[in-house]
Amino acid sequence: MASYILRRILATIPVVLFVMVFVFSLLYITPGDPAAILAGDQATQAEIEAIRTDLGLDRSFPVRFVEWSTGVMRGDFGTSIFTRLPVSTMILQRVEPTLSLMVVTMIIAIVVAVPLGVLAAWKHGSVLDRVIMLFAVLGFSVPVFVIGYVLAWTLALQLGWLPVQGYSPFADGFWPWLRSLLLPSFTLATFYIAIIARITRATMLEIMQQDYIRTARGKGVSERSVLFVHALRNASVPIVTVVGIGIALVISGAVVIESVFALPGLGRLTVDSILRRDYPVIQAVILIFSFVYVVINLLIDLSYTVIDPRIRY
Amino acid sequence: MTDLPRDPEKYAAARPMPAILAAPKNHSRMIRSLRRHPTMWLGGVLLGLVVLLAIFAPVIATTDPAALNPAMRVRPPSAAAFFGTDMLGRDVFSRCIYGARVSLIVGLGVAVLASAIGMVIGLVAGFTRWADGLIMRVMDGMMSIPAILLAIALMTLLRGGSVFNVILAITLAEIPRVARLTRSAVLSVRELAYVEAAVACGTSKFGIIRQHILPNTIAPITVQATYICASAMITEAILSFIGAGLPTSIPSWGNIMAEGRALWQVKPNIVFFPAIFLSLTVLAVNLLGDGLRDAVDPRLAKRM
Amino acid sequence: MMKRRTLLGAAAATPFLSMPALGQSGDTKVLKYVPASNLTVLDPIFTPAAVSVTHGYCVFDTLYGVDASQTPQPQMAEGHTVSDDGLEWRITLRDGLKFHDGEPVRAQDCAASLARWAQRDPFGQALNAATESFGHADDKTIVIKLTRPFGPLLNAIGKPHSRPAMMMPERLAKTDPQTQITEMVGSGPYRFLADEYVSGDRVIYERFADYVPREGAAEWTSGGKQVNFDRLEWQIIPDAATAIAAIQAGEVDWLGAVLTDLQPILEMHPDVNLHRTDPYGIMHVIRFNHLIAPFDNVELRRVVMQAVDQLPFLQSVAANEADREECLALFPCGTPNVEEVGKGIIGSLDIEAAKQAVIDAGYKGEPVVILNPTDIASIHPHGLLAADLLGKIGFNVDLVETDWGTVVQRRVSKETVENGGWNLAATNWPAISINNPATNATTRGLGDSGWWGWYEDAEMEQLVVDWLAAADENAAAELYLDVQQRAIDRVPTLPLGLSYRSGAVRADLDGALQGSVDMFWNIRRT
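Residues numbered from 1 in each chain as written. Chains lettered and ligands numbered in written order. Predicted model: local features only at pLDDT ≥ 70, side-chain atom pairs only at ≥ 80, totals over all residues.

### Examining the sheet that holds strand 12 (residues 272-275) of chain C
Residue and element names in this part refer to chain C. Read from one edge of the open sheet, seven strands run 8-9-10-1-11-19-12, paired in mixed fashion. For this open sheet the edge positions go to strand 8 (190-192) and strand 12, each flanked by a neighbour on one side alone. Pairing analysis gives two bridges linking strand 11 (residues 254-255) to strand 19 (residues 503-506), with the strands arranged antiparallel. Within strand 19, the residue paired with Trp254 across the bridge is Val505. Against the sheet, helix 2 (residues 50-59) engages strand 8, strand 9 (202-207) and strand 10 (231-235), with an angle of about 115 degrees to strand 8. (Pairing = 2+ DSSP bridges. Helix = DSSP H or I, 4+ residues; strand = E, 2+ residues; numbered from the N terminus. Contact = placed C-beta atoms within 7 Å. Axes fitted to C-alpha atoms, helices over the stretch in contact; angles between N-to-C directions.)

In structure tokens:
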């Protein structure tokens with residue numbers, strides 16, 4: 001087990017290295033000049049050149065890459081071209097909203113989707129099943145920003161239950177924090193509800209045909225107990241897999257949701273930075289995203305051994 | 001949001017048994033099972049309608065979808081403009097009809113390209129032990145970069161603009177998943193007794209791929225492709241939302257919605273009509289994919 | 001069982017829903033503002049961006065401000081004297097001025113600030129060219145020594161937009177003009193709270209307790225800057241639809257900009273009023289690249305100008321008639337001494353006539369590359385309309401649509417279009433930032449060292465020099481008119497008219513000022 005974990009951790013190193021080189025090269029060849037954006041509409045070429053020199057953007061690819069990667073090794077991600085703030089500061093300011101959005105979204109998604117999936121599997125073939133599955137398909141057929149506007153309009157503007165936008169830090173209290181997150185999280189969750197409900201249903205269906213479920217039923221175990229104790233427990237491996245992938249996907253979803261609901265998260269920071277070519281910030285954020293992705297995948301693999309003792313490494 | 005979870009390999013790894021892909025089937029069985037899946041037919045018919053819409057766009061559309069008329073901006077739906085007009089006075093109905101072309105081309109283009117390239121990479125990785133580690137690390141790396149961010153970066157790199165660039169950007173983000181799926185299919189099939197027997201008999205690598213591997217991997221890849229197709233159309237909309245999508249002179253459902261989104265409180269028609277088209281198409285593709293999956297492999301059906 | 005659960009649910013929901021909405025405005029001590037765009041650069045001398053100017057007027061103060069008629073009025077200054085030969089200006093500071101770090105404002109600080117500003121700002125550069133030194137006589141007296149008379153000196157150091165000459169402590173003002181200043185220490189009415197600043201999300205200020213406003217009413221950037229709030233909170237809301245919803249719900253007090261098509265819903269809203277801060281508006285232009293064919297040919301530039309009907313261009317960015325104004329000139333109509341010298345010229349040709357004129361002017365079918373940013377809503381329609389128009393009158397148009405970051409990079413290229421160059425690019429300028437011959441970059445003839453497009457015109461430059469040194473107002477006005485004539489004759493830039501932008505303010509707020517940018521003094525909650 002320990003050697004497996006060690007091997008897995010070591011295996012992440014080439015992945016992260018690849019991402020480092022890939023992202024840096026990608027940005028290097030991407031058109032767009034932060035110095036020209038920074039200098040503004042009135043700027044002359046001489047001014048842009050001066051800014052470029054001042055920022056060190058005129059240096060060669062290897063020089064910049066070595067400087068950046070040695071910095072990263074020391075935990076120094078550099079300074080934002082635009083705000084001149086340390087990239088680490090900018091990222092730390094943004095971690096909490098994105099993390100909160102991820103957690104609340106996944107909780108909502110699981111709490112809603114797993115019972116729906118179980119219900120659909122239990123009432124397999126019924127109208128209820130069909131309706132649930134239809135909604136599941138619709139859930140990822142509508143772009144998330146459309147869902148967001150509609151929910152914001154009804155729940156926040158017309159009913160006044162929730163704030164329209166903005167983020168209230170956890171430090172300011174649990175309820176304000178949760179209130180500020182419910183709308184964006186629910187919007188984002190629609191997509192995961194769709195996926196997780198489908199997977200849950202499919203897995204439950206397969207498991208319910210297994211011998212031990214028939215045995216349990218034959219022994220007269222109550223239907224609820226069959227569903228939730230025997231079947232769902234065995235269905236948890238694929239569900240956890242999807243939840244894990246889902247967390248990685250929330251990062252992508254965050255990009256849109258954070259813009260729609262004005263949450264000061266990492267997704268918005270990334271898009272802003274890409275559009276204005278703030279290289280140090282983009283590099284750092286993508287590196288962190290991929291690191292998180294790798295870690296989550298590791299944790300998921302390890303969690304299988306906890307959920308299903310038959311799986312060993 | 002940009003892509004559906006499709007990682008049967010991981011799923012397979014977690015199960016006590018390796019993922020077993022059904023042996024090739026004969027055609028009469030396939031047709032029989034096709035008949036047993038009415039939702040697939042519904043999906044097929046819906047998709048067929050959209051394809052017809054796209055093909056006959058010049059006939060159906062009432063005006064040039066790119067014709068500007070600022071004096072007629074943001075008009076509500078009327079007899080002259082069925083779905084109203086957008087901020088530049090362009091006819092939303094005609095844009096939606098022509099948008100079918102772009103959205104379908106993007107969806108299908110990404111599905112075909114990503115499947116083909118991903119399959120080749122997956123086959124190479126599955127068959128060449130020395131390259132396997134390298135290829136899969138690169139794929140891991142690409143997968144670990146959130147797809148939407150990769151696509152944004154690529155769109156700016158490709159200088160935005162064309163349908164081809166959008167397809168390329170989304171495709172690149174999708175390839176690793178297909179490659180992984182193919183590789184895992186190859187690995188599981190490679191160990192099967194009849195394949196080992198073929199190897200022992202001295203059948204060439206290409207022979208093995210053609211006779212044993214491809215028939216077994218095409219099925220899951222095809223199913224996978226339908227999901228990629230659906231998610232590519234959504235991703236295209238999101239790229240437009242972020243400002244890294246197609247220019248509005250090339251109408252797609254995604255950029256019609258993205259451009260009209262700010263006005264949705266006052267002019268919901270600009271957002272909702274393309275949203276309906278997009279949803280129905282994605283729904284159709286999904287239904288088709290589900291049906292296909294059930295048809296080609298009932299076991300796969302339960303797992304996806 | 002069912003019943004109990006329902007009750008529990010209701011009980012849990014009640015306190016939750018009865019909580020006051022998050023960030024509800026209406027607080028008498030806090031003003032919540034949503035700027036029109038993200039604030040990325042804090043140094044208002046480094047960048048001319050409007051949002052940085054808005055931020056700048058909170059943190060910094062200027063020696064001179066302007067009133068509604070654009071006349072310079074002393075702000076930090078007590079007054080000034082000019083020597084008889086016009087070569088030495090002495091500006092005295094008023095008493096009690098303090099920087100946010102507690103240090104008094106000295107003439108040394110102001111001289112250093114002026115020196116840095118004069119290297120960065122175009123109007124400042126014109127002043128710099130006529131200046132021997134920015135110095136001081138004592139702590140209270142700034143001394144500007146000139147090498148030749150510079151009539152509009154106060155207009156220059158009191159300019160209200162695009163890099164106003166904002167006063168900083170000497171230690172900051174000594175920063176290289178090509179390097180951003182990030183430490184925000186000014187002497188303005190609001191203090192920047194660096195600890196609470198989250199770039200791209202929120203900018204927080206508190207009232208500067210030691211700020212001493214002038215006597216008298218506030219007007220534009222002059223007069224008594226009375227602050228009636230303890231805190232000023234900027235929140236950046238990137239999505240226009242969300243920003244509207246936020247002010248409808250009362251979560252914010254003031255939106256810097258409202259999309260033209262969304263104005264009607266706010267107009268109807270009982271608790272929100274539209275507010276037009278800048279009455280001079282925005283001038284929309286399309287810039288020609290003068291270095292390469294075909295628009296190095298003045299005849300062709302003229303034909304295009306004659307073929308332009310400004311109305312559709314204006315309609316594409318301003319839905320209501322009251323929010324747009326055709327302006328047949330290269331200087332912003334409505335600012336002092338500007339005349340519509342393009343009457344009878346701009347828009348005088350119909351499509352067919354223009355088609356012929358294009359051929360007559362010697363167009364050889366060279367491709368015309370139009371750069372068009374897809375992510376800038378105030379520019380994007382103009383690229384499309386220009387492509388449409390030019391196509392109709394016979395040009396071989398290549399519309400290049402990319403994001404802003406790529407546009408600005410390609411725009412500085414002086415190459416031919418085959419090598420990544422360009423021919424046309426639309427943009428816009430706040431009218432008051434181009435309201436005289438020296439500041440209007442769209443008509444200056446500096447060539448290589450000037451604004452992109454690199455229009456070179458020695459005669460124009462001589463006129464600008466003469467205007468700057470003009471003996472009196474009449475002579476200046478006459479020279480200004482010559483400049484306007486020259487511009488319409490040579491067509492350095494294609495004028496598309498003026499549009500006016502509105503923001504929105506909650507109805508319980510009173511006293512929002514007009515000005516170059518949104519300003520947070522005078523306004524109070526009733």
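### Overview of the pairing of strand 18 (residues 493-499) of chain C
All names here are of chain C. In terms of burial, strand 18 is largely enclosed, as seven of its seven residues are buried. Direction of pairing for strand 13 (residues 282-288) relative to strand 18: antiparallel, over a ladder of six bridges. Bridge pairing in strand 18 links Met283 to Leu498. (Buried ≥ 20, exposed ≤ 12 C-beta atoms within 10 Å, placed from the backbone.)

### Concerning the sheet that holds strand 4 (residues 77-82) of chain C
All names here are of chain C. Pairing in this open sheet of four strands is antiparallel, and the strands run 4-5-7-6 from one edge to the other. Because the sheet does not close on itself, it has two edges, and the strands there are strand 4 and strand 6 (131-138). Neighbouring strand axes in the sheet, compared pairwise and without regard to direction, differ in orientation by 20 degrees on average. With five bridges joining them, strand 5 (residues 88-93) and strand 7 (residues 141-146) adopt antiparallel strand pairing. Looking across to strand 7, one finds that Trp89 is bridged to Ile144. Taken strand by strand, helix 3 (residues 107-120) contacts strand 5, strand 6 and strand 7, and its axis lies near 165 degrees from that of strand 6.

### Focus on the UniProt feature "transmembrane region" (unreviewed entry) in chain A
Residue and element names in this part refer to chain A. Those places that UniProt annotates as "transmembrane region" (unreviewed entry) correspond, in this numbering, to residues 9-29, 99-122, 134-161, 181-200, 237-261 and 281-307. Secondary structure across residues 9-29 divides into 100% helix and 0% strand, with the first and last C-alpha atoms of the span separated by 31 Å. When the span residues 181-200 is considered, its composition is 100% helix and 0% strand, and the gap between its end C-alpha atoms is 26 Å. (UniProt positions renumbered as here; feature names shortened; annotations may be inferred.)

### What about the pairing of strand 9 of chain C?
Alignment of strand 8 of chain C against strand 9 of chain C, held across three bridges, turns out to be antiparallel. Across the sheet, residue Phe192 of chain C finds its bridge partner in strand 9 of chain C, namely Tyr205 of chain C.

### Describing the confidence of the model for chain B
Residue and element names in this part refer to chain B. Residues at a pLDDT of 70 or more form 80% of chain B, whose mean pLDDT is 77. Across residues 1-25, where pLDDT falls below 50, the model places 67 contacts with residues more than four positions away in sequence or in other chains. Contacts for the low-pLDDT stretch residues 300-304, under 50 throughout, to residues beyond four places or in other chains number 14 contacts. (pLDDT = per-residue confidence, 0-100.)

### What to know about the interface of chain A and chain C
At the interface, 48 residues of chain A touch 45 residues of chain C. Where the side of chain A that touches chain C is concerned, the elements lending two or more residues are helix 2 (34-39), helix 3 (45-55), helix 5 (87-122), helix 7 (144-158), helix 8 (174-208), helix 10 (223-260) and helix 11 (266-276) of chain A. No other element matches the six residues that helix 3 of chain A contributes to the side of chain A that touches chain C. By residue class, the composition of the side of chain A that touches chain C is 26 nonpolar, 13 polar and nine charged. (Nonpolar A, V, L, I, M, F, W, Y, C, P; charged D, E, K, R; others polar.)

### Quick look at the packing of helix 9 (residues 298-307) of chain C against helix 11 (residues 351-360) of chain C
All names here are of chain C. Contact geometry for helix 9 and helix 11: axes closest at 9 Å, N-to-C directions at 175 degrees. The orientation of helix 9 with respect to helix 11, classified from their angle, is roughly antiparallel. Listed contacts from helix 11 to Leu300, Val303, Gln306 and Ala307 of helix 9 are Ala354, Ala357 and Val358. Split by residue class, the contact of helix 9 with helix 11 holds six nonpolar, one polar and no charged. (Parallel < 35°, antiparallel > 145°, perpendicular 65-115°, else oblique.)

### Side note on unusual backbone geometry
What you tend to see is this: most non-glycine residues have negative phi, and most peptide bonds are trans. All names here are of chain C. Omega for the bond connecting Ala293 with Pro294 falls within 30 degrees of zero, at 5 degrees, which places this linkage in the cis form. Within the secondary structure layout, Pro294 lies in the loop between strand 13 and helix 9. For Arg163, which is not glycine, the phi dihedral falls at a positive 65 degrees. With respect to the helices and strands, the residue Arg163 is situated in the loop between helix 5 (153-157) and helix 6 (170-173). One non-glycine residue, Asn337, lies in the positive phi region at around 70 degrees. Mapped onto the elements, Asn337 comes out in the loop between strand 14 (324-325) and helix 11. Residue classification places Asn337 among the partly exposed residues on the basis of 15 C-beta atoms within 10 Å.

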